[in-house]
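For reference, the chains in residue letters:
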Amino acid sequence: NLTPPSEAVLTHIYSSIVTSYLRDRFDDNVVQVGPKLTAATLRLYNSLLQTLPPTPSKFHYVFNLRDLGRIFEGVCRAVPDEYDGQPGKIVRLWRNECTRVLFDRLIAEVDQVLVQQEFSTIVGEMFSEHSESVMAEPLLFGDFESAASRIAEDTEDPMIYKDLKSFDNIRRIFDEVLELYNVDNKPMTLVLFEMAIEHLCRIYRVIRVPLGHCLLVGVGGSGKQSLTRLASFACGYKIFEIVLSRGYGEKDFKEDLKSLYKMLSEGPVVFLFTDAHVVEEGFLELINNMLTTGMVPALLENDEKDAVCNAVRQECKAEGIIDTKDNLWAFYINKCRRNLHIVLAMSPSGETLRIRCRNFPGMVSGCVIDWFFPWPADALRSVANYFLQDEPLPDSQREGIVEHMVKVHQGVIHASEEYYIELRRHNYVTPKNFLDYISNYRGGMKENKRKVEDSIKRLGGGLTKLNEAERSVDAMSKELAAKKIIVDGKTRDCQAMIEDIDAKQKVAAESQEAAELKKQELEESNEIIKVEKAKADEQLLEALPALEAAAEALDNLDKSDITEIKAFASPPPAVMAVCMCVCCLRPTGTEDESAGWKGAKAMMGQGNFLQALKLYDKDAISEKMIRKVKVYFRDPEFNMDNMKKISKAGAGLFQWVIAIVKYHEVAKNVEPLKIKVRELEKQKASAEAELAGIMKTLEDLEAQLSELNTKFNAANDELTALRDEALLMEKRLTAASKLIAGLSSEKVRWSKDIATLESQTVQLVGDCLLGASFLSYLGVFTAKYRRELITQWEPDLHEREVPLSQDFGVEKLLTTDVEVQKWSGEGLPGDDHSIQNGILTTNCSRFPLCIDPQQQAVKWIKRKEAANSLTVRTFSDNDFMKHLELAIQFGNPYLFENVDEELDPMIDPVLEKNTTVENGQQMIVLGDKKVDWDSNFRLYMTTKLANPHYTPEVMGKTMIINYSVTISGLADQLLNVVVGHERSDIEEKFAEIVSQMSENAQTLAALEDTLLKTLASSTGNILDNEELIATLEEAKTKSVDINAQIENAAFTKEEIQAARKQYSPVAKRGSILFFSLSGLSTIMKMYETSLASFLTVFLKSLGDAKKDGILDNRLRNMIEESTRQVYDYACTGLFERHKLMFSLQMTMMIDEGDNDLNRDQLDFFLKGDTAISDDNSSKKPHDWLSDSGWKDLNKLETLDEAFEGIVKSVVEDAELWNEWYELETPETAPFPAGYDQRLSPFHNLLLTRCLRPDRVYNAVKLYIIAHPKLGEKYVQPPVLNFERIYNQSTCMTPMVFILSPGADPASDIQVLGEEKGFTGNLFKTVSLGQGQGPLALQMLETGANRGHWVLLQNCHLLISWLRELEKTLETMHKVNENFRLWMTTDPTERFPLGILQRSLKVVTEPPDGLKLNMRSTFAKIDQSVLEECDHPAYRPLIYVLTFFHGVVQERRKYGKVGWNVAYDFNESDFKVS
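Just so it is clear, the structure is predicted and the values come from calculations on it, not from any experiment.

About the criteria used
Residues numbered from 1 in each chain as written. Predicted model: local features only at pLDDT ≥ 70, side-chain atom pairs only at ≥ 80, totals over all residues. Heavy atoms only, no water. Helix = DSSP H or I, 4+ residues; strand = E, 2+ residues; numbered from the N terminus. Rg over C-alpha atoms; globule rule 2.2 N^0.38 Å. Buried < 20%, exposed > 50% of the residue type's maximum accessible area, 1.4 Å probe, protein only. Contact = heavy atoms within 4.5 Å. Areas by Shrake-Rupley, 256 points an atom, 1.4 Å probe, with all protein chains shown as cover. Lys, Arg positive; Asp, Glu negative; His and termini not counted. Charge placed at Lys NZ, Arg CZ, Asp CG, Glu CD. Pairing = 2+ DSSP bridges. Axes fitted to C-alpha atoms, helices over the stretch in contact; angles between N-to-C directions. Parallel < 35°, antiparallel > 145°, perpendicular 65-115°, else oblique. Left-handed = near helix turned anticlockwise from the far one by under 90°. Nonpolar A, V, L, I, M, F, W, Y, C, P; charged D, E, K, R; others polar. 1 Å grid on protein atoms, 1.4 Å probe; cavity = no way out; pocket = protein on both sides within 12 Å on 5 of 7 lines; lining within 4 Å. Points joined across faces, edges and corners; volume = space filled by probe spheres on them. Phe/Tyr/Trp six-rings, centres within 6.5 Å; stacked < 30°, edge-to-face > 60°. Lys NZ or Arg CZ within 6 Å of the ring centre and 35° of its normal.

Notes on the overall build of the protein chain
Moving on, step 1. For the protein chain, the count of helices and strands is 62 helices and 20 strands.
Moving on, step 2. Its C-alpha atoms give the protein chain a radius of gyration of 60 Å, clearly above 35 Å, the size a compact globule of 1473 residues would have.
Moving on, step 3. Taking the principal axes of its C-alpha atoms as reference, the protein chain extends roughly 200 × 105 × 75 Å.
Moving on, step 4. The buried share of the protein chain, reckoned over its 1473 residues, is 50%.
Moving on, step 5. The contacts in the protein chain between residues at least 6 apart in sequence include a share of 78% that link residues at least 24 apart.
Moving on, step 6. For the protein chain, the accessible surface area stands at approximately 70,200 Å², while carbon and sulfur atoms represent 51% of it.
Moving on, step 7. Positive and negative side-chain charges of the protein chain, numbering 170 and 222 respectively, have mean locations separated by a distance of 4 Å.

Written out as structure tokens, the structure is:
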């Protein structure tokens, strides 16, 4: 051990350092201050050593010579440019360094005041001429005045360490630095309030000096890491952090440290290390080495050391150092030490930091400590003003809002302290809560304004459409009236037109009839003409062959043939004759037969002669012509044969003449017929003319009729269209009127809703403020604290004139009835506390961590998210990170079950939502992997721990939600159980109605949305949209039906509720019993009981209760039976010393449930008079009274009228009271002075507590025995009976035997196994210890499959393996019904909660009291034992031995007075005897 240096030595050392530094640089005025600084420093240092010694809570109050060195190192940073000739500035610099090194670590205000006074005294005495300037505030030193320009423009910075005077100057500088930081790094939003600036200057000051390391101590969210990053950036240093990954260990940490030292060889680096990085405590051993020596031993291999040595060889030579290997390595280490600045960011919560600082002293001695206190009010105001500056809040209310936020934050801190004092539950309020508060407020305002505006717009759109429809109906009504007038006029016109058409149709019909007759006549005439004409034509046909032959002959002739004839100067007679015959027939009409041959030649000379012959009009031949021709035929030579011989042309002409003559002969006979035909045709023509006239008349009539019909059709079509239009209008008008009438209630409601929403827009300012308070702070609290805090905050808003809804409720603001009904359908209990938990779970900005000892949150979350691909894992699963990454990528929900008090640091980025944006896609870094972040991802965490103690960091990163069931909430749930057991028909109907009401409520909301959306999306005139009207009418009809169903269901529900309410006393008692049972876990963790285990006992008790036709009797039986069975169940698993405590707890809670308990009196009974001062109490009047008893008696007199005058009575009636006091069992005797008549049984307990506290134990027993609702049974716990334990067990329920000294239930279990047939291979037993876990697990799996009994002994020796057992039991579903798991263990706080909650716990301990002890022993002696010996003294001897066994065991409770040695005297001793 080194002898500490004397003060003279220290003075010489530090005076030499500071004086020599000042002498070389400053004038004499400054140099003269040097020795004084040393004296003042040592005086302050010695004062701190004496007045502020380290304590468990102030473990870091360790001041040593390093601190002195740091002070003078800071003083030596003074430069002449700033301090020369100004000794006051040097002293102020000295004060700053002392403050930074010594003062910043102080955690108590009284300590700070003490040091500040010492400072003032020293400065006043030693630097009186400068005291005012030295002690001026604020004290802010730094060399970063030009940091922004140095960073931005890379200009030269002199970096003069000086007083920067004011916060505004520094804020301006660091605002610029922060802006530059955010350009190239992940942006930080920092509000540099005064405290933040102070911490920023402190961190900057430490890391600016070589070997500067600091320990920042503060709760999560205080700004430790953010300020460190900003300070490092301002210094121009790089920052290094480790990144945790799955399975990160010391090997990985050392690899990261190698990377750090590589960076250190290049330049200064700040190593930021937080308590979240402490995966293994061994990491801090390495950090401790770095703080003390600058290097981690054996970090680098030889080849790596050679590489770094070679890298610094040139620098080493440049320094004039010989480049040996040792020198190079030392140079490298020194370089790294100068460049290394470690910043440890730790949390002060719990004992962890104290233990670490004790185990690794370098954390205190090697660091400058900066303690981060809770943000003061001005800091909270600055932060709130900064984040709310752009919010559209009323200017008149902005200040009130900010002040209310500050009050809420500080009020929750105070409430958390009370919460811990009253319930021993921890809640840490950190700056993250306040930031979350502001964020929730801003988000809530934005979201609720949007909802309100959307709702107003939606409702307004619906109202607008309805108003338009009403106007359209009015317009259509007028239009319909006008249409009807037009339709009536058109109808009259059409009627007149129809009459005209009928008249003309009559005339036309008559004309048509005449025409038909005339047509008939013509048809008959035509038939006659046709016959006569046929006859004539038949006769004429006889001449046709000759005519055709003539025509053919003519066709054979041409001009040359005629020319040949004409060429005859004197034609042959036959030719002449034929030519003359032709002339007589006059084919051309110009023939001159008198001219003879000449005339004939002239005829044939005409160009159209042959054509004229062909076209000759045979019917125009006269008889005269034929006579002339026949003259020539008299000549016998005049024939065809001769003619053919003479002339071809002549033969042709001759043939023609013969044909014409023959035709004429025929035609002459036909002429009369033809004349008759012509006459007939003439008559026919006349008739046709007459018919044509008739037809013309008919045609005119038909034209007129057609025109009339066309006009009629047009008029009729117009009339029909008008009628159809009028009918359609009338139909639409009826439908629209009906719809509008049907929607009239909606119109009124929507109008009111709009008015309400418009007023709500104003009230949102206060509503959202309370809603944000609830979301940010109240999740961890019980229902009572939540209610009280909100009740405190509402008046504050009214006082600050911040608008707030009169009937404000978080349920109204943050959820809807429809959503609550949906949650109820998913299994969330319907009490207010559970609904609030549902709101917190679904609306909180941080991921929820549910305190869920009754597993209600787990069940609800699983059902709620079942359709969304919920993934369920625990932190002990090896693959939880893989599944978490998938859930994040696909936006699926993820649930961590059975969370302990520590969270895996791997999920910190997820909890803090540390996302970045790359190429428009949100990403998150998990370990060494980047994962796409889906905004739909939702993380849930639940713990079975009833009262977990989470660190401030965990509470800042998660939303702790207390799902612990309340007494009233559990009573509601148990009512379902009781009614389901007693009246399953009612319960099923009730469940059906609740489900139906939930569905109807959702459907009704959907229908209203449909109505509004349909109205909003409609275009044009609503009355023209038949589909829209039909849809609206259908929706309205459904809505009316559903409303009717809801009203009916509500009525039915009320009736059922009335029937169910009759069973409320049983449910209420059950709830009280559960809470009295669950409260035992606060005494010992081994007493932990789950709601599921309790329900098993409760249901069994309902079944075992005596049946009775009278309901009141049945209820009383169920209450008594459930109370008895729960008491027996609890006592089976309690140590003797706790059984009476449990009975009293149960009694008090039953009384409280019946409003028969005075809470103040109970507190007095438990604690006495807790007042510190006893000024109101006189000195005790009698020696036999204890001081505390007299003090309590004075307090007791003020608690109730029944105790009035008790103090006076004790003083004046001393003899009576002393007589009672001296009794051996005063609790059984009446109180003197008539107080036995005035006091109730509980008052007797209070008075006994004051006067004879040693007899309170027995007095409590008597109180419980005399209690009307309990009795003697509840102070006589049941005897341990293995048969009963077996009957209570199941294949899924482990039996945990909690051992006491000398107890070993293994033999009893084996005996039971033999009785039940489980021996040999059917009964497996293993004593747990090192390496026995796999064997036990194998036995367990085999036993579960084959139905064996498995006994695991001494489980407390292998606690680590029990975690695996817990998980195995949770995953076991198909288990043989004969399987039983028996476990024995000593009481231990580390026993897995999951096993305890599902197990049947049994304590093997001798009962308390001789009577109970003997009962317990006799209970294990059956008839066979008593019959083993026939000797008459045998049975009395057994009784005596039992009595003796009980006596020797009872003596143990008296310690050394009972037995010098703590003998066991266990059951084995009794059996041997």
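Back to the text.
Some points on the sheet that holds strand β11 (residues 915-918)
Moving on, step 1. Across the sheet, which stays open at both edges, the three strands sit in the order β11-β12-β13 with antiparallel pairing between neighbours. Both outer strands of the open sheet, β11 and β13 (929-932), are each paired with one neighbouring strand and no more. Taken over all neighbouring pairs, the strand axes of this sheet differ in orientation by 40 degrees on average, direction set aside.
Moving on, step 2. Direction of pairing for β11 relative to strand β12 (residues 921-926): antiparallel, over a ladder of four bridges. Counterpart to glutamate 918 in the pairing with β12 is glutamine 921.

Concerning unusual backbone geometry
Moving on, step 1. Geometrically, the link from glutamate 137 to proline 138 is a cis peptide bond, its omega value of 0 degrees lying close to zero.
Moving on, step 2. Its location among the elements puts proline 138 in the loop between α8 (131-134) and β1 (141-142).
Moving on, step 3. The phi dihedral of asparagine 898 falls on the positive side, at around 55 degrees, and the residue is not glycine.
Moving on, step 4. Look at alanine 1233: it is not a glycine, yet its phi comes out positive at around 60 degrees.
Moving on, step 5. Counting through the fold element by element, alanine 1233 comes out in the loop between α50 (1214-1222) and α51 (1235-1238).

Description of the packing of helix α3 (residues 33-51) against helix α7 (residues 109-126)
Moving on, step 1. At a closest axis distance of 11 Å, the pairing of α3 and α7 adopts a crossing angle of 150 degrees. Put simply, α3 runs roughly antiparallel to α7. The hand of the α3/α7 crossing is right-handed. Where α3 approaches α7, its residues Lys36, Ala39, Ala40, Arg43, Leu44, Ser47, Leu48 and Thr51 are matched on the opposing element by Leu114, Val115, Glu118, Phe119, Thr121, Ile122, Glu125 and Met126.
Moving on, step 2. Among the residues forming the contact of α3 with α7, the class breakdown is nine nonpolar, three polar and four charged.

Observations regarding empty space enclosed by the protein
In this approach the atoms are scanned with a rolling probe the size of a water molecule, which exposes any empty space left behind.
Moving on, step 1. Summed over the entire model, instances satisfying the criterion amount to six cavities of 30 Å³ or more.
Moving on, step 2. Empty space within the largest cavity amounts to approximately 100 Å³.
Moving on, step 3. Secondary structure elements with two or more residues in the lining of the largest cavity: α31 (744-777) and β15 (958-962).
Moving on, step 4. If you tally residues by element for the lining of the largest cavity, the top one is β15, at three residues.
Moving on, step 5. Here the lining of the largest cavity is built from residues that sort into eight nonpolar, four polar and one charged.

Observations regarding the packing of aromatic side chains
Moving on, step 1. Counting across every chain of the model gives 46 aromatic pairs.
Moving on, step 2. Ring geometry for tyrosine 248 against phenylalanine 283: centres 5.9 Å apart, planes inclined by 80 degrees, an arrangement best described as edge-to-face. Placement of the pair is tyrosine 248 in the loop between β4 (238-240) and α13 (250-264) and phenylalanine 283 in helix α14 (residues 282-292), with a sequence separation of 35 residues.
Moving on, step 3. Overall, tyrosine 248 belongs to the buried group, its relative accessible area being 7%.
Moving on, step 4. On the basis of relative accessible area, phenylalanine 283 is assigned to the buried category, the value being 0%.
Moving on, step 5. Taking 5.2 Å as the distance between ring centres and 50 degrees as the angle between the ring planes, the aromatic pair formed by tryptophan 1349 and tryptophan 1382 counts as tilted. Of this pair, tryptophan 1349 sits in strand β18 (residues 1349-1353) while tryptophan 1382 sits in strand β19 (residues 1380-1385), and the two are 33 residues apart along the sequence.
Moving on, step 6. Counting every residue linked through ring pairs, the aromatic cluster contains Phe1282, Tyr1286, Phe1297, Phe1318, Phe1323, Trp1349 and Trp1382.
Moving on, step 7. The lysine or arginine in question, lysine 1273, covers the ring of tyrosine 1274, its NZ or CZ lying 5.9 Å from the ring centre.

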